[in-house]
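Geometric and topological summary
Below, each chain spelled out in residue letters.
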Amino acid sequence: MSTAKAELNELFAIPPVTELPLDVLGELQSILRLHSISPQELSYKWESYSMKMGSEQTKLNLSTARAFKKDLQEILERESRGKAHLRSVDKRGAYAIPRSAGKGDDVFGMLDGIVPNTPVPQRSMNGAAKRKAAFDTPSVPKFHKADGMSSPSDARTNGNTDGVQSNAFSERQNAGQIVETLNAHLSICEAPIAPPAEPRVRLTANTDLKKFSYKPMAMHLSEASEVLDDRIDEFQSLIQAHHNLEVSAFGNAANQATSEVIAVGRIASDALEGKLNASSLMLETSRRTGAGLRVPLKVESVSHEFFPGQIVAVRGINASGDYFAVNEVLEMPLLPPAASLPSTMDALNERLGVEEGGSANAAHALNVLISSGPYTADDNLAFEPLQALCEKAAESYADVLIMVGPILDIEHPLLASGDFDLPDDPSIEPDKATLNDVFRILVGTSIRHLALQVPNITIILIPSVRDAVNKHVSWPQEPFDKKVLGLPKQAKVVTNPVTISLNEIVVGISAQDVLWDLRREEVKVGRMKESDLMARLPRHLIQQRHFFPLFPPADRKSLPKSGTEEGVATGMPIDVSYLKLGEWLNVRPDLLITPSALSPFAKVVESVLVVNPGPLSKRKAAGTYAQLAFHPRQVTDEEREREQAEGTMIGHHLFDRARADIVRI
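Here the structure is a predicted model, which is why all the values come from computation and not from measurement.

Observations regarding the overall build of the protein
Across its full length, the protein carries 16 helices and 22 strands. For the protein, the residues scored as buried account for 51% of the 665 residues in total. Across the protein, the fraction of contacts at a sequence separation of at least 24, relative to all contacts at a separation of at least 6, is 73%. Only carbon and sulfur atoms are counted for the fraction: they give 51% of the accessible area of the protein, which is about 32200 Å².

Quick look at the sheet that holds strand S18 (residues 601-605)
In a beta sheet, neighbouring strands are held together by backbone hydrogen bonds and run either parallel or antiparallel to one another. Spatial ordering of the open sheet is given by S2-S14-S15-S17-S19-S18, a layout of 6 strands whose pairing is mixed. The sheet is open, and its two borders are formed by strand S2 (203-205) and S18, each paired with just one other strand. Shown here is a sheet whose adjacent strand axes are inclined to one another by a mean of 25 degrees, direction ignored. Strand contacts of helix H14 (residues 533-544): strand S17 (591-593), S18 and strand S19 (608-612), with the helix running at about 55 degrees to S18, the strand carrying the most contacts.

As for the environment of Ile14
Position of Ile14 among the secondary structure elements: in the loop between helix H1 (2-12) and helix H2 (22-35). Distance from Ile14 to Leu60, taken between C-alpha atoms, is 9.3 Å for residues 46 residues apart in sequence.

Points about the pairing of strand S14 (residues 498-502)
With respect to burial, S14 is a largely interior element, 5 of its 5 residues being buried. Residues Val498, Ile500 and Leu502 point to one face of S14 and Thr499 and Ser501 to the other, with burial holding for every one of them. As paired strands, S2 and S14 are joined by 3 bridges and run antiparallel to one another. Within S14, the position partnered with Thr204 by the bridge is Ser501. Sheet topology places S14 next to strand S15 (residues 505-509); 5 bridges connect them, and they run antiparallel.

Some words on the pattern of salt bridges
Applying the stated criterion to the full structure yields 25 salt bridges. Its salt-bridge partner being Glu583, residue Arg231 comes within 3.5 Å of it at the nearest N-O pair. One end of the pair, Arg231, is in helix H6 (residues 221-242); the other, Glu583, is in the loop between H14 and S17, and 352 residues separate them in sequence. Each member of the pair, Arg231 together with Glu583, is buried. For Asp437, the salt bridge identified is with Arg440, shortest N-O distance 2.9 Å. Of this pair, Asp437 and Arg440 both sit in helix H11 (residues 435-442), 3 residues apart, roughly one helical turn. You can call Arg440 buried: its relative accessible area is 18%.

Points about the environment of Ile447
Among the secondary structure elements, Ile447 is positioned in helix H12 (residues 444-453). We classify Ile447 as buried; its relative accessible area is 0%. Residues Ile447 and Ala491, spaced 44 residues apart in sequence, show a C-alpha to C-alpha distance of 8.1 Å. Apart from the residues within four sequence positions on either side, Ile447 is in contact with Met403, Ile459, Leu461, Leu487 and Pro488.

What to know about the sheet that holds strand S4 (residues 281-284)
The strand order S3-S4-S5-S8-S7 describes a closed barrel built from 5 strands, whose pairing is mixed. The average angle at which neighbouring strand axes cross in this sheet is 60 degrees, direction not considered. Both strand S3 (residues 261-269) and strand S7 (residues 311-317) contribute to a ladder of 6 bridges, which runs antiparallel. Its bridge partner being in S7, Gly265 is matched across the sheet by Val312. Packed onto the sheet, H6 meets S3, S4 and S7 and runs at close to 145 degrees relative to S3.

Quick word on the environment of Thr636
Checked against the element boundaries, Thr636 lands in the loop between strand S20 (624-630) and helix H15 (637-646). Looking at Thr636, the relative accessible area reads 39%, which means it is partly exposed. Spatially, the C-alpha atoms of Thr636 and Pro342 are 8.5 Å apart, while their sequence positions differ by 294 residues.

Re the nonpolar core
The biggest cluster of nonpolar side chains holds 40 residues, and the ones touching the most others in it are Phe439, Leu450, Ile459 and Leu461. For this core, the secondary-structure elements that each account for two or more residues are helix H9 (384-395), strand S11 (400-404), helix H10 (413-417), H11, H12, strand S12 (458-462) and strand S13 (491-493). With 6 residues, the top contributor of residues to this core is H9.

Focus on the packing of aromatic side chains
Enumeration over the complete set of coordinates arrives at 4 aromatic pairs. Taking the centre distance of 6.0 Å and the plane angle of 40 degrees together, the rings of Phe439 and Phe480 count as tilted. In this pair, Phe439 is assigned in helix H11 and Phe480 in the loop between S12 and S13, connecting sequence segments 41 residues apart. The pair Phe439 / Phe480 is uniform in exposure class, with both members buried. Measuring from centroid to centroid gives 5.9 Å for Trp475 and Phe548, while their planes differ by 50 degrees, and the two rings are tilted. Note that Trp475 is positioned in the loop between S12 and S13 and Phe548 in the loop between H14 and S17, a separation of 73 residues in sequence. For Trp475, a relative accessible area of 0% puts it in the buried group. Classification of Phe548 as buried rests on a relative accessible area of 2%.

Some points on the pairing of strand S5 (residues 294-298)
For a regular strand, side-chain orientation follows a simple rule: the groups alternate between the two sheet faces. Two strands pair when backbone bridges link them, and S4 and S5 are joined in this way by 3 bridges, in the antiparallel orientation. The residue bridging Leu283 from the neighbouring strand is Val295, located in S5. Sheet topology note: the S5/strand S8 (residues 324-329) ladder contains 2 bridges and is parallel. Looking at S8, one finds that Leu297 is bridged to Phe324.

Some points on unusual backbone geometry
Cis geometry is found at the peptide bond from Trp475 to Pro476, where omega equals 5 degrees. As for its position among the elements, Pro476 is in the loop between S12 and S13. Here the residue pair Asn496 and Pro497 is connected by a cis peptide bond, since its omega of 5 degrees sits within 30 degrees of zero. Assignment of secondary structure puts Pro497 in the loop between S13 and S14. Notably, Asn244 is not glycine yet its phi reads approximately 55 degrees, a positive angle. Within the element layout of this structure, Asn244 appears in the loop between H6 and S3. Overall, the relative accessible area of 69% leaves Asn244 in the exposed class. Phi at Arg545 takes a positive value of approximately 60 degrees, unusual for a residue other than glycine. Turning to its location among the elements, Arg545 is positioned in the loop between H14 and S17.

Cut-offs and rules
- Residues numbered from 1 in each chain as written.
- Predicted model: local features only at pLDDT ≥ 70, side-chain atom pairs only at ≥ 80, totals over all residues.
- Heavy atoms only, no water.
- Helix = DSSP H or I, 4+ residues; strand = E, 2+ residues; numbered from the N terminus.
- Buried < 20%, exposed > 50% of the residue type's maximum accessible area, 1.4 Å probe, protein only.
- Contact = heavy atoms within 4.5 Å.
- Areas by Shrake-Rupley, 256 points an atom, 1.4 Å probe, with all protein chains shown as cover.
- Pairing = 2+ DSSP bridges.
- Axes fitted to C-alpha atoms, helices over the stretch in contact; angles between N-to-C directions.
- Salt bridge = Lys/Arg side-chain N within 4 Å of Asp/Glu carboxyl O.
- Core = buried A, V, L, I, M, F, W, Y, C linked by side-chain atoms within 4.5 Å.
- Phe/Tyr/Trp six-rings, centres within 6.5 Å; stacked < 30°, edge-to-face > 60°.

Structure representation (structure tokens):
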């Protein structure tokens, strides 16, 4: 029990506090005994509970611990009742005659609604009530047309929402409250009196978007294996150059030898199922360096964090031929930071209104809003959080609005079941309507109205594998079809993932929740080098130079449950043959946007500003978004002189001149 106590303190205590109060600790230990689960699994359940309650700042105290315990007990009882009901149905037999629900009720419900005063039975599994519901048109109030970005307040539905009852969006608490701030000493953007006469942002795609228009689900095993092998071989070349090593220093970890060698490979598990742990670590070699063999790793003498798919360089010995004993994990080389010529920076600053040699103020800062899906609660398709975000962008005359999917979420209960009415719009024929029409009316209306209010805004849309209107079902993904969705010219559709430039600022974006997957699959050996989880997880992406370095992806059943009837998440349908499209090619991004179900944050990791805006809408509550102010990069006379003499470039240093606020919608 002392081990469990230590694990609970490590997982649940928030620094600088190192130990939980005894009453809270007692409740958590009671939950462990009642449900026979590990402290790690309990921490996952607590994270899911916190997200379900709709509060990023859920404090763990005695009252919340007891409420958490009660919630787990209610879930267990519901599951038990469901299993008991299924057993009773099986015992009744396939040809059992249903009993009458009450006096005067006909056995098969054939007189329901025909004979006056015939009581209607309330059955959940059998009878006419179920048959009637299967054929009737859903009795859902229709959406009505509204002016501008407003949506009707009656855009609610009685469809299946898996028991979720959302609070009314208009009654949300603490709207506009800043949850977290990075670089608070910098000023926020000042809204101009009128929208700018011309766009202040020059958008450039640093990714070849045409390569993403591949044919999904046509993967060849030979191509996939070559992609995985090439990644190992490329990292070996990088490590050799970074550490000034000879070719002879590298060897095959699977070969028995008495001399120390450096082996480069991919972390894998010794079992197809179950979570990776320190005892199941294996190193998968490439066909060129180790004939593609896997060898068990003994890592007791090192301190490091591992996860499946991670490329590592380890120094050690395979004396017995049975395992490779690791003595050191070599440091991975990082990509260089982004840089530009001083003359280029002067031209971009002039675009923002800063004169050469003059000082910049809050009015010159770029105003960037970042959001991620879902964009509406589980019990409606009103998209009120999206409308509020667009109103915020219009009020502040935002320069850029980045919308990361899922936008029209396939995991939304109403979309998954089809139990909703179409909007009352003359351009939609009910018998021929598609989900593209739903997107065009419910989502596109707000975006088009924003474009009318702020004509020079840049709106960037990134799809997700959960987006119902993107036919590309696997990651990496091609962009949305802008024409079909009726998006304005201010909207720019890009791939998932993508690397773009906003003026000089290099921005990397991926809609996949890689942080949640890494949080679950990561194995910590020895003493952690970085205790801050939200800084440690993005560092894996930076070191691996990839938007999704995890391989294979996490099991769908281990992900947060969706609001659909099955409750199983979409997961990560990945096309291994095109994994290279997710790599970082030349430089580290200045800004890395990684939407996640984990708590929203803004941090600086390895000189990269990492932002998780959080979902704009939770299942039953309002969410958060990120508002960033990019202040101009001041160029000195000395830097201009060095450019003229040597052509020297200067770093962007966005982490020093950007203010990031996580704001409640």
